[in-house]
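Coordinate analysis (summary)
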Amino acid sequence: MPVVFRRRLVFAGLCVGFGAIALLWPGDVPWINDEPRFIQKAIESNATGRLATEALPGHLGVTYGPMAIWFYAALLRVVHDLIQLVVARVLIVTTVTAIALGWI
């Protein structure tokens with residue numbers, strides 16, 4: 001087996017292993033800070049059928065962009081349970097992080 005393939009296999013195994021740690025207790029997520037507000041705005045966005053145009057105001061009065069709300073709104077169209085939402089988010093974020101690390 002070539003060395004490069006072996007390194008990639010070890011890297012993939014490590015990414016899967018460390019990514020699985022976050023999935024051991026998916027219901028044990030602290031719903032604090034902005035996360036519940038993002039999900040509430042995503043639910044409202046899906047209910048009205050309109051995309052959010054802004055997110056939450058920052059501490060300096062600047063309103064953040066709506067990308068996080070769009071992300072949760074898209075996920076909420078597929079899953080309808082908060083634990084499933086956490087699992088989907090962990091899978092997406094872990095996959096994107098692993099791809100980015102592999103690319104580096």
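A brief report on the enclosed structure follows. (Residues numbered from 1 in each chain as written. Predicted model: local features only at pLDDT ≥ 70, side-chain atom pairs only at ≥ 80, totals over all residues. Heavy atoms only, no water.)

1. A look at helix α3 (residues 67-78)
For α3, spanning 12 residues, the distance from its first C-alpha to its last is 17 Å, which sits close to the expected 16 Å at 1.5 Å a residue. For α3, the complete set of buried residues consists of Ile69, Tyr72, Ala73, Leu75 and Leu76. Looking straight down α3, one finds its buried side chains confined to an arc of 165°; they lie on one side. Seen from the open side of α3, the exposed residues pointing more than 90 degrees away from its buried face are Met67, Arg77 and Val78. On its buried face, α3 is in contact with α2 (35-48) and α4 (82-103). (Helix = DSSP H or I, 4+ residues; strand = E, 2+ residues; numbered from the N terminus. Expected span 1.5 Å × (residues − 1). Buried < 20%, exposed > 50% of the residue type's maximum accessible area, 1.4 Å probe, protein only. Arc of directions from axis to C-beta. Contact = heavy atoms within 4.5 Å.)

2. Observations concerning the pattern of salt bridges
Once their charged atoms are close, side chains differing in charge can pair, the charge on each being opposite to the other. Tallying each qualifying case throughout the model produces 2 salt bridges. Between Arg37 and Asp34 there is a salt bridge whose closest N-O contact spans 4.0 Å. The partner of Arg89 in a salt bridge is Glu35, with the nearest N and O atoms 3.8 Å apart. Here Glu35 lies in helix α2 and Arg89 lies in helix α4, a separation of 54 residues in the sequence. Residue Arg89 is classed as partly exposed on the basis of its relative accessible area, which comes to 33%. (Salt bridge = Lys/Arg side-chain N within 4 Å of Asp/Glu carboxyl O.)

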